[in-house]
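# Fold and geometry: a report
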Amino acid sequence: MSDLRPHLLKRGPLLLTALLLCALPFYLDAFWLRIGLFSMAAAIGAVGLGLLSGTAGQLSLGHAFFLAVGAYGYVWLAGEPGPGLPPAVAAVLAVLLAGAAGGLFSPVAGRVKGIYLGVATLALVFLGHHVLLTADSVTGGFNGRSVPPLELGGFTFAESDPELTVLGVPFGAEERLWYLGLALFAVTWFTARALLRGRPGRALVALRDSETAASVMGVHVARYRSTAFVVSSMYAGLAGVLLALSFRRVVPDYFSLALSVDYLAMIVIGGLGSVAGATAGAVFVTALPLLMTRYADQLPLVAAPGSGDGSIGPTEASRYLYGAAIVLVLLFAPDGLHGLARRTRTRLRRRPSASEPPGTGPVPAAAAASAASDTTARAKEHTP
């Protein structure tokens, strides 16, 4: 029992958070559930980009391309026209397809770094957007394609007839997709943390800090760079599949350069190289424009969508705000929201309690040793 209690205290906040997230569909309406779905999809993609840019130190501006591969890969593989595969099989193959696309580009990622890799991946976004617009038979062109609902074991993650009711709460598409998103995000969270804490994570950190030192320690530089790019692409493909299921229709204009910039903002604001930081940044960047759109008529200097009066729209205003957030983070908290939360937690733990009178509390080891030596010296002076 004594061994179990510290483990429960350590895992308690995580378990409480999981229980809270599982209970939310019973209390929130569809708007808030959609925000949560989009945030979970963004968090999955941000974790992948965090592994590549934050941990491996590789700049990528092509993340939107791999999200598009995952989204459109699922739509084509599961839909008509297309092979018409079972949706679960199509989702897995879409993630593998995104990884294969990353593998085709990995020789470039293995040999190019820094701003040069960023420019090379930037070409992927423009090339992918052109293909999405012109390959009408696969992508549907400018108008995009509707997304086939996911089915697992006869259970459909969409509206059904008759309607599913759980504890008196009707479970529509948002409620069902919420639990799918939670499961996919949990897989992403634990696999990414295991990767960072294992040997590959230590090798990527060494590679980011110094390629020369990493190669001396036996790290194959090109291979680890390429592997990081492939893994990041697979996370992006999984995020693309969840985004497609959440939107229910995919269009080429969504997967533009602005989306890649949004993902860079997520990992910078949240904290480079941190799974929790990437998640926090994803929630912030994703939820902000949706909330500002809903409450635009109550915000100063922000016009409602479609008003056409020349004022700043909610989307533009949200980009200004998290652009300012990036500047503030770079100036005052370079390790992002995750580092800021960690430092705040450490300060709260070190702060003495209010019931403890000043001057009391644990005595530092150096002070205790000094007091002991002083006592010993005074005792020797009184010895005859």
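## Notes on the overall build of the protein
In terms of regular secondary structure, the protein is built from 15 helices and six strands. For the protein, the residues scored as buried account for 41% of the 384 residues in total. Pairs at least 24 residues apart make up 74% of the contacts formed inside the protein by residues separated by at least 6 positions. Carbon and sulfur atoms make up 67% of the accessible area of the protein, which totals about 20,500 Å².

## Here's the deal with the nonpolar core
Grouped together as the largest cluster of nonpolar side chains are 80 residues, with contacts concentrated most on Leu67, Tyr74, Leu245, Val250, Phe255 and Tyr263. Discounting residues that sit within four places of it in the chain, tyrosine 74 has contacts with Pro87, Ala90, Ala91, Ala94, Val147, Pro148, Pro149, Leu150, Val241 and Leu245.

## Brief notes about the packing of helix H2 (residues 30-55) against helix H11 (residues 257-270)
Running from amino to carboxyl end, H2 crosses H11 at an angle of 75°, the nearest separation of the two axes being 9 Å. Comparing their axes, H11 and H2 come out roughly perpendicular. Seen from H2, the contacting residues are Ala41, Ala42, Gly45, Ala46, Leu49, Gly50 and Ser53; seen from H11, they are Tyr263, Leu264, Met266 and Ile267. Tallied by class, residues from the contact of H2 with H11 come to eight nonpolar, three polar and no charged.

## With respect to the packing of aromatic side chains
Considering all chains together, one arrives at 12 aromatic pairs under this definition. Pairwise contacts between aromatic rings join Phe38, Tyr72, Phe247, Tyr254 and Phe255 into one cluster. Of note, arginine 294 hangs over the ring of phenylalanine 31, and the distance from its end group to the ring centre comes to 4.2 Å.

## Focus: a nonpolar patch on the surface
On the surface, Val89, Val92, Leu93 and Leu96 cluster together to form a nonpolar patch covering roughly 310 Å² of accessible area. What makes valine 89 partly exposed here is its relative accessible area of 39%.

## Let's talk about unusual backbone geometry
Geometrically, the link from glutamate 80 to proline 81 is a cis peptide bond, its omega value of 0° lying close to zero. Its location among the elements puts proline 81 in the loop between helix H3 (63-78) and helix H4 (87-111).

## With respect to the confidence of the model for the protein
Note that predicted coordinates carrying low pLDDT should not be read in detail. Overall, the prediction assigns the protein a mean pLDDT of 84, with 86% of residues at 70 or greater. Mean pLDDT per element in the protein: helix H15 (residues 365-381) is the minimum at 44, and H3 is the maximum at 96. pLDDT under 50 marks residues 362-384. Its contacts with residues more than four places away, or in other chains, come to one contact.

## Structural notes on H3
With 16 residues, H3 extends 23 Å from end C-alpha to end C-alpha; this agrees with the ideal 22 Å at 1.5 Å per step. Of all 16 residues in H3, 15 are buried; the element is thus mostly enclosed.

## Structural notes on the environment of valine 205
Mapped onto the elements, valine 205 comes out in helix H8 (residues 199-209). Valine 205 sits in the partly exposed class, given a relative accessible area of 29%. Spatially, the C-alpha atoms of valine 205 and alanine 56 are 6.0 Å apart, while their sequence positions differ by 149 residues.

How each quantity is defined
Residues numbered from 1 in each chain as written. Predicted model: local features only at pLDDT ≥ 70, side-chain atom pairs only at ≥ 80, totals over all residues. Heavy atoms only, no water. Helix = DSSP H or I, 4+ residues; strand = E, 2+ residues; numbered from the N terminus. Buried < 20%, exposed > 50% of the residue type's maximum accessible area, 1.4 Å probe, protein only. Contact = heavy atoms within 4.5 Å. Areas by Shrake-Rupley, 256 points an atom, 1.4 Å probe, with all protein chains shown as cover. Core = buried A, V, L, I, M, F, W, Y, C linked by side-chain atoms within 4.5 Å. Axes fitted to C-alpha atoms, helices over the stretch in contact; angles between N-to-C directions. Parallel < 35°, antiparallel > 145°, perpendicular 65-115°, else oblique. Nonpolar A, V, L, I, M, F, W, Y, C, P; charged D, E, K, R; others polar. Phe/Tyr/Trp six-rings, centres within 6.5 Å; stacked < 30°, edge-to-face > 60°. Lys NZ or Arg CZ within 6 Å of the ring centre and 35° of its normal. Patch = residues over 30% accessible without salt bridge, like charges linked within 9 Å, V, L, I, M, F, W, Y side chains within 5 Å. Salt bridge = Lys/Arg side-chain N within 4 Å of Asp/Glu carboxyl O. pLDDT = per-residue confidence, 0-100. Expected span 1.5 Å × (residues − 1).

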